[in-house]
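Residue-level listing of the chains:
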Amino acid sequence: MKALIAVVFWPSLFFFWFLGPFVFLLLSTTSSEACARLETRDGFLAAANATLPMLVLQTLIYAVPIVCLVLWDRLAPEPARTRYIATCIKLFIVAAIIGATWDYGSSLICDGYGQPFFSSAWRMTSYLPIVGLLINIPLYILTFSLGRAFSTRDDVTEDGVVHSKQDNS
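This one's a predicted model, so the numbers in the text were calculated from it and none came from an experiment. Per chain, residue numbering runs from 1 following the sequence as it is written. Per-residue local features of the predicted model are confined to residues with pLDDT of at least 70, and side-chain atom pairs are confined, for both listing and counting, to 80 or more; whole-chain, interface and lining totals are unaffected and use all residues. Hydrogens and water are ignored here; the side-chain numbers use all heavy atoms of the structure.

Moving on: the overall build of the protein chain. Along the backbone of the protein chain there are 7 helices and 0 strands. A run of H or I in DSSP becomes a helix once it reaches four residues, and a run of E becomes a strand once it reaches two; helices and strands are each numbered from the N terminus. Scanning the protein chain from its N terminus toward the C terminus, one meets helices and strands in the order α-α-α-α-α-α-α. Expressed as a percentage of the 169 residues in the protein chain, the buried residues total 30%. Only heavy atoms matter for contacts: two residues are in contact if any of them lie within 4.5 Å across the pair. Sequence separation of 24 or more characterises 80% of the internal contacts of the protein chain that already satisfy a separation of 6 or more. Categorising residues by exposure relies on relative accessible area from a 1.4 Å probe, with only protein chains included: less than 20% of the type maximum marks a residue as buried, more than 50% marks it as exposed, and the intermediate range marks it as partly exposed.

Shown next as structure tokens:
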């Protein structure tokens, strides 16, 4: 079962966490062509709200490596790793909230023909990628190291030597 979880964990970590943000960034924000066609506050807000299903999907897909860590911990519980997994979950939740706020806020930045549709507070969301990066770097490192610890064979020591498990009774 540990190997099956590893087969899901490593590709999802690489494709979803490292390549996925570029794809979702392109898909989840209002395009510049749409901005010129939006003339009313309602139309503009409707276009921004259309990004919400993509944000939910993005968060669910990004959660796959975290779910794998939780499953690994259920199979081989270890108190020290459990604390780190709880930290990963907390960092993930904060990163998801910041990421969703940034994606949604970046959809509201463009204001059609320069009309003051929305408060300048939404323009402040342009700083959220920096905050998200500061949260995601430790999250990525911690998740990667936990994944490595869980998916490493139990009979391999840190120096890479394989020790056979023999019962000397």
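Glancing now at helix H4 (residues 52-62). Turning to H4, its buried residues are Leu55, Gln58 and Tyr62. Burial along H4 is one-sided: seen end-on, the buried residues are contained in an arc of 60°. Those residues of H4 that are exposed and angled more than 90 degrees off the buried face are Pro53, Val56 and Leu60. Think of it as the arc spanned by the lines of direction from the helix axis to the C-beta atoms.

On to the confidence of the model for the protein chain, then. Per-residue pLDDT for the protein chain has a mean of 76; in total, 66% of the residues score no lower than 70. Values of pLDDT, the confidence the predictor places in each residue, fall between 0 and 100. Across the protein chain, the secondary-structure element scoring lowest on mean pLDDT is helix H2 (residues 32-37), at 52, and the one scoring highest is helix H5 (residues 64-75), at 92.

Another point: the packing of aromatic side chains. Ring geometry is summarised as follows: Phe, Tyr and Trp rings, the Trp one being its six-membered ring, pair when their centres sit within 6.5 Å, and such pairs are stacked at plane angles under 30 degrees, edge-to-face over 60 and tilted between the two. In total, this model carries 7 aromatic pairs according to the counting rule given. Feature note: the residues Phe9, Trp10, Trp72, Phe144 and Phe150 constitute an aromatic cluster, connected by ring pairs. Remark: a charge is flagged as sitting over a ring if the NZ atom of Lys or the CZ atom of Arg is within 6 Å of the ring centre and within 35 degrees of the ring normal. Lying over the aromatic face of Phe150, Arg81 brings its terminal NZ or CZ to 4.7 Å of the ring centre. We note Arg83 situated over the ring of Tyr84; from NZ or CZ to the ring centre the distance is 6.0 Å.

Time to look at the packing of H5 against helix H7 (residues 128-151). Close contact between H5 and H7 brings their axes to 10 Å; oriented N to C, the two are set at 40°. Accordingly, the angle class assigned to the pair H5 and H7 is oblique. Once H5 is placed against H7, the crossing between them reads as left-handed. Facing H5, whose interface residues are Pro65, Ile66, Leu69, Trp72 and Asp73, H7 presents Leu139, Thr143, Leu146, Gly147, Phe150 and Ser151. Amino acids outside the nonpolar list (Ala, Val, Leu, Ile, Met, Phe, Trp, Tyr, Cys, Pro) and the charged list (Asp, Glu, Lys, Arg) are all regarded as polar, and Gly is one of them. In terms of residue class, the contact of H5 with H7 is built from 7 nonpolar, 3 polar and 1 charged. Orientation is described by lines fitted to C-alpha atoms, with helices fitted over the stretch in contact, and by angles between N-to-C directions that extend from 0 to 180 degrees. We call two directions roughly parallel when the angle between them is under 35 degrees, roughly antiparallel when it is over 145, roughly perpendicular when it lies between 65 and 115, and oblique otherwise. Here a crossing is called left-handed whenever its near helix is offset anticlockwise from the far helix by less than a right angle, and right-handed whenever the offset is clockwise.

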